Amino acid sequence: MTNFESQPTLIHRNPEEVYNLFSDLTNLKHLLHKLPADKIQDLEYTADTCSFSISPVGKVEFRVTERIPFERIRFAAENAPVDIDFRIDLLKQQENETVCQIVAEADLNPFIKAMVAKPVQEVVDKIAESLPLMFK
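Please read all numbers here as calculations on a predicted model, not as lab measurements.

How each quantity is defined
Residues numbered from 1 in each chain as written. Predicted model: local features only at pLDDT ≥ 70, side-chain atom pairs only at ≥ 80, totals over all residues. Heavy atoms only, no water. Helix = DSSP H or I, 4+ residues; strand = E, 2+ residues; numbered from the N terminus. Buried < 20%, exposed > 50% of the residue type's maximum accessible area, 1.4 Å probe, protein only. Salt bridge = Lys/Arg side-chain N within 4 Å of Asp/Glu carboxyl O. Pairing = 2+ DSSP bridges. Phe/Tyr/Trp six-rings, centres within 6.5 Å; stacked < 30°, edge-to-face > 60°. Arc of directions from axis to C-beta. Contact = heavy atoms within 4.5 Å. Polar contact = N/O pair within 3.5 Å; in protein donor to acceptor, adjacent residues only side chain to side chain. Expected span 1.5 Å × (residues − 1). Bend = angle between axes of the 7 residues up to and from the residue.

1. Some points on the overall build of the protein chain
Here's step 1: Within the protein chain, the secondary structure is distributed over 2 helices and 8 strands.
Here's step 2: Out of the 136 residues belonging to the protein chain, those deemed buried represent 39%.

2. Some points on the pattern of salt bridges
Here's step 1: Across all of its chains, the model carries 12 salt bridges by this definition.
Here's step 2: Put simply, E61 and R63 hold a salt bridge, and the shortest N to O gap is 3.0 Å.
Here's step 3: On the basis of relative accessibility, which here comes to 31%, the residue R63 falls in the partly exposed class.
Here's step 4: The salt bridge involving E95 is made with K92; its shortest N-O contact spans 3.8 Å.
Here's step 5: Its relative accessible area of 46% is what places K92 among the partly exposed residues.
Here's step 6: One connected set of salt bridges, linked through shared partners, spans E66, R72, R74, D85, R87, D89 and E105.

3. Here we look at the pairing of strand β1 (residues 2-5)
Here's step 1: The alternating pattern of β1 places T2 and F4 on a buried face and N3 and E5 on a face that is not buried.
Here's step 2: Examined bridge by bridge, β1 and strand β8 (residues 97-107) share 4 bridges and lie antiparallel to one another. Note that in β8 the partner of E5 across the bridge is V103.

4. Side note on the packing of aromatic side chains
Here's step 1: Counting across every chain of the model gives 5 aromatic pairs.
Here's step 2: Between F52 and F62, the ring centres sit 6.2 Å apart and the planes meet at 20°, which makes this aromatic pair stacked. Of the two residues, F52 sits in strand β4 (residues 49-54) while F62 sits in strand β5 (residues 58-68), which places them 10 residues apart along the sequence. Just as F52 is buried, F62 falls in that class too.
Here's step 3: Centroid distance F75 to F86: 4.7 Å. Interplanar angle 20°. Geometry classified as stacked. Placement of F75 in strand β6 (residues 72-78) and of F86 in strand β7 (residues 83-94) is noted, with a sequence separation of 11 residues between them.
Here's step 4: Feature note: the residues F52, F62, F75 and F86 constitute an aromatic cluster, connected by ring pairs.

5. With respect to helix α1 (residues 15-22)
Here's step 1: The complete set of buried residues in α1 reads P15, V18, Y19, L21 and F22. One face of α1 carries all of its buried residues, which in axial projection span an arc of 165°.
Here's step 2: Tucked into the core, α1 has its buried residues touching β2 (9-11), β5, β6, β7 and β8.
Here's step 3: For α1, the side-chain oxygen to backbone nitrogen distance between the N-cap and E16 is 3.0 Å, and the N-cap itself is N14.

6. A closer look at unusual backbone geometry
Here's step 1: A positive phi is found at F70, a non-glycine position, where the angle reads about 70°.
Here's step 2: You can see F70 is positioned in the loop between β5 and β6.
Here's step 3: Classification of F70 as partly exposed rests on a relative accessible area of 37%.

7. With respect to helix α2 (residues 110-130)
Here's step 1: For α2, spanning 21 residues, the distance from its first C-alpha to its last is 30 Å, which sits close to the expected 30 Å at 1.5 Å a residue.
Here's step 2: Taken as a whole, α2 carries its principal kink of about 50° at V116; the proline P119 stands between one and four residues after it.
Here's step 3: The inward-facing, buried residues of α2 contact β1, β2 and β8.
Here's step 4: Regarding α2, its N-cap is N109, as a side-chain oxygen of that residue lies 3.0 Å from the backbone nitrogen of F111 further along.

In structure tokens, the structure reads:
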């Protein structure tokens with residue numbers, strides 16, 4: 001497995017608030033206006049799943065596979081061209097500060113890794129950067 005880790009991101013909320021928002025995927029409605037419409041289309045979500053179409057990959061669905069209250073939320077991709085999952089790790093800093101980190105794990109052969117490593121890392125970084133925006 002190949003790991004892609006974002007830089008830690010500080011959110012000025014306690015871990016319970018952060019966990020409650022990110023563990024329910026229907027909260028994506030708060031981000032719809034911030035998503036690049038030319039890249040992500042056909043966004044659909046429930047509390048446990050999120051699917052979208054992205055060029056040139058096609059339709060991808062992520063499903064919540066693990067919830068550890070106030071610590072971690074793990075997602076696995078379904079219908080993706082490679083086996084990939086990611087998680088949001090939460091770490092309480094102070095009373096109203098939580099550090100979040102996105103970690104993606106993908107099963108990539110060396111040829112595919114060479115082609116997708118940079119774009120996957122960019123996506124992981126962009127997700128981490130956007131997390132605090134959900135609280136504004």
